[in-house]
Amino acid sequence: MRMCRPCSAALEAARAGLSEITGRLREDEYDSKSLPADLRSSFMILAELARMMHLPGLDGDIEALAEALLDQVEPIPEDLLYIALEVKR
């Protein structure tokens with residue numbers, strides 16, 4: 001599929017951003033408190049990609065999904081996080 005230069009650049013930027021977030025998530029010492037920020041960043045990258053590729057309405061749908069999902073994500077209390085990490089070992 002051939003794309004115009006701006007769309008191709010947007011796609012590459014989205015891939016790079018998502019790869020960076022994926023790499024952080026796969027790290028053995030990932031800080032779980034960063035998950036909401038990484039989720040938000042992922043959705044915003046996808047929304048920006050939709051805007052750059054002139055996909056009408058998709059950016060708004062992605063942002064609405066991000067808000068709905070992130071409203072459900074709460075930070076794990078420190079004491080439960082500690083217990084969970086101890087069980088893992």
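For the structure itself, look to the data block above.
Residues numbered from 1 in each chain as written. Predicted model: local features only at pLDDT ≥ 70, side-chain atom pairs only at ≥ 80, totals over all residues. Heavy atoms only, no water.

### Considering the packing of helix α2 (residues 35-52) against helix α3 (residues 58-72)
Counted only if it meets this: Interaxial angle, 0 to 180 degrees, is taken between N-to-C directions of lines fitted to C-alpha atoms, where a helix line uses only the stretch in contact. Each helix corresponds to a stretch of at least 4 residues labelled H or I by DSSP, and each strand to a stretch of at least 2 residues labelled E; elements are numbered beginning at the N terminus. Roughly parallel here means an angle under 35 degrees, roughly antiparallel means over 145, roughly perpendicular means 65 to 115, and every remaining angle is called oblique. Should any heavy atoms of two residues lie within 4.5 Å, those residues are counted as being in contact. Residue type decides the class: Asp, Glu, Lys and Arg count as charged, Ala, Val, Leu, Ile, Met, Phe, Trp, Tyr, Cys and Pro as nonpolar, and the leftover types, Gly among them, as polar.
In the contact formed by α2 and α3, the axes pass within 8 Å of each other and the chain directions differ by 170°. Our classification of the angle between α2 and α3 gives roughly antiparallel. Counting all contacts with α2, which are made through Pro36, Leu39, Arg40, Phe43, Met44, Leu46, Ala47, Ala50 and Arg51, the residues of α3 involved are Leu58, Asp59, Ile62, Glu63, Leu65, Ala66, Leu69 and Leu70. When the residues that make up the contact of α2 with α3 are grouped by side-chain class, the tally is 13 nonpolar, no polar and four charged.

### Details of the side chain of Ser42
What counts is decided by this rule: Residue exposure (1.4 Å probe, protein chains only): buried if accessible area is under 20% of the type maximum, exposed if over 50%, otherwise partly exposed.
Mapped onto the fold, Ser42 is located in helix α2. For Ser42, a relative accessible area of 17% translates into the label buried. Setting aside chain neighbours within four positions, we find Ser42 in contact with Leu18 and Ile21.

### Let's talk about the nonpolar core
This is how it is decided: Here, the term nonpolar core denotes a set of buried Ala, Val, Leu, Ile, Met, Phe, Trp, Tyr and Cys residues that are joined through side-chain atoms within 4.5 Å.
Counting residues in hydrophobic clusters, the biggest one holds five residues: Phe43, Ala47, Ala50, Ile62 and Ala66. Elements that contribute at least two residues to this core include exactly α2 and α3. Among the elements that take part in this core, α2 stands out by supplying three residues, more than any other. Apart from residues lying up to four places away in sequence, Ile62 is in contact with Phe43, Leu46, Ala47 and Ala50.

### Focus: unusual backbone geometry
Unusually for a residue other than glycine, His54 sits at a positive phi of about 55°. Within the element layout of this structure, His54 appears in the loop between α2 and α3.

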